[in-house]
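Observations on the model geometry
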Amino acid sequence: MGIVLNAVVILVGGLFGNKLQKINAIPTNTTLGIGIIIVSLVSFIENMYNVEGGRISSSSLLVILFAFIIGNKIGEVLRIESLLSNYSKTNSRSFNAFIDTTLFFSVGGLQISGPIALALNGDNSQLIIKCVVDIPFAIIFGATYGKITALSALPVAAIQVVIALITWLSAAFFTPEMISQLCAFGYIILFFSGFNLLMKESSKINNINMLPGIFLIIIFNVFKDVVERIL
């Protein structure tokens, strides 16, 4: 239910936002970028750090840094962002908008933890929270980019289904620590989506190339779990 509801929210929000174009109620890229950066920073800190006895600590910082640096390098070698761009023969604004909106709705922490919670516990609550968070952004993206925003609902839902299926098949490996790391890394990618909206074309960072870092986190945690079981 949560996956379908989230897709509907993005679809309806995108279409409603598109209507705002006709009355010139379109927010600027600066407004949208700052909003994304605020959401990603707050959510990253929530997933990354613990406060105990008045002290802030994190046991996952090195893992995240390793995944970020190595994952980004792998993405650059594989030229992931360039390959995605090549799917558009004209490299049109609509295609870029579709990639931007799909990436925004697909890499946040709730996009990862929501399907995991659904697969492990049948819990839709995190996906419902994601719906609430996505509503204003779907409208803003729709007002900024047009109807193409609504189409991003399809890959977002497909990715959620894949995450839920993988989780269901390998439930024993998905520890709370691993879920937090995946969410934190997702918000790093999301942060640079907002950052890119504030920058000129020459200063933008290819955040799609960071995606391999997600798989590095999974591989690390699975390897760690296997080693701990052997020892």
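These remarks concern the structure in this document.

1. Description of the packing of aromatic side chains
Here the structure, examined in full by the defined rule, presents six aromatic pairs. With a centroid separation of 6.3 Å and an interplanar angle of 15°, the aromatic rings of phenylalanine 68 and phenylalanine 192 are classed as stacked. Of this pair, phenylalanine 68 sits in helix α3 (residues 61–78) while phenylalanine 192 is found in helix α10 (residues 176–198), placing the two residues 124 residues apart along the sequence. Ring geometry for phenylalanine 192 and phenylalanine 195: centres 6.0 Å apart, planes at 75°, overall edge-to-face. With phenylalanine 192 and phenylalanine 195 both in helix α10 and three residues apart, the pair spans about one turn of that helix. With a relative accessible area of 22%, phenylalanine 195 lands in the partly exposed category. Taken together, the aromatic side chains of Phe68, Phe191, Phe192 and Phe195 make up a single cluster linked through ring pairs.

2. Re the pattern of salt bridges
Evaluated as defined, the whole model comprises four salt bridges. Lysine 73 serves as the salt-bridge partner of glutamate 76, at 3.9 Å between the closest nitrogen and oxygen. One end of the pair, glutamate 76, and the other, lysine 73, are both in helix α3, three residues apart, so they sit about a helical turn from each other. Salt-bridge contacts for arginine 229 lead to aspartate 225; the nearest nitrogen and oxygen are separated by 2.9 Å. Highlighted residues: arginine 229 and aspartate 225, both in helix α11 (residues 212–230), separated by four residues, approximately one helical turn.

The rules we used
Residues numbered from 1 in each chain as written. Predicted model: local features only at pLDDT ≥ 70, side-chain atom pairs only at ≥ 80, totals over all residues. Heavy atoms only, no water. Phe/Tyr/Trp six-rings, centres within 6.5 Å; stacked < 30°, edge-to-face > 60°. Helix = DSSP H or I, 4+ residues; strand = E, 2+ residues; numbered from the N terminus. Buried < 20%, exposed > 50% of the residue type's maximum accessible area, 1.4 Å probe, protein only. Salt bridge = Lys/Arg side-chain N within 4 Å of Asp/Glu carboxyl O.

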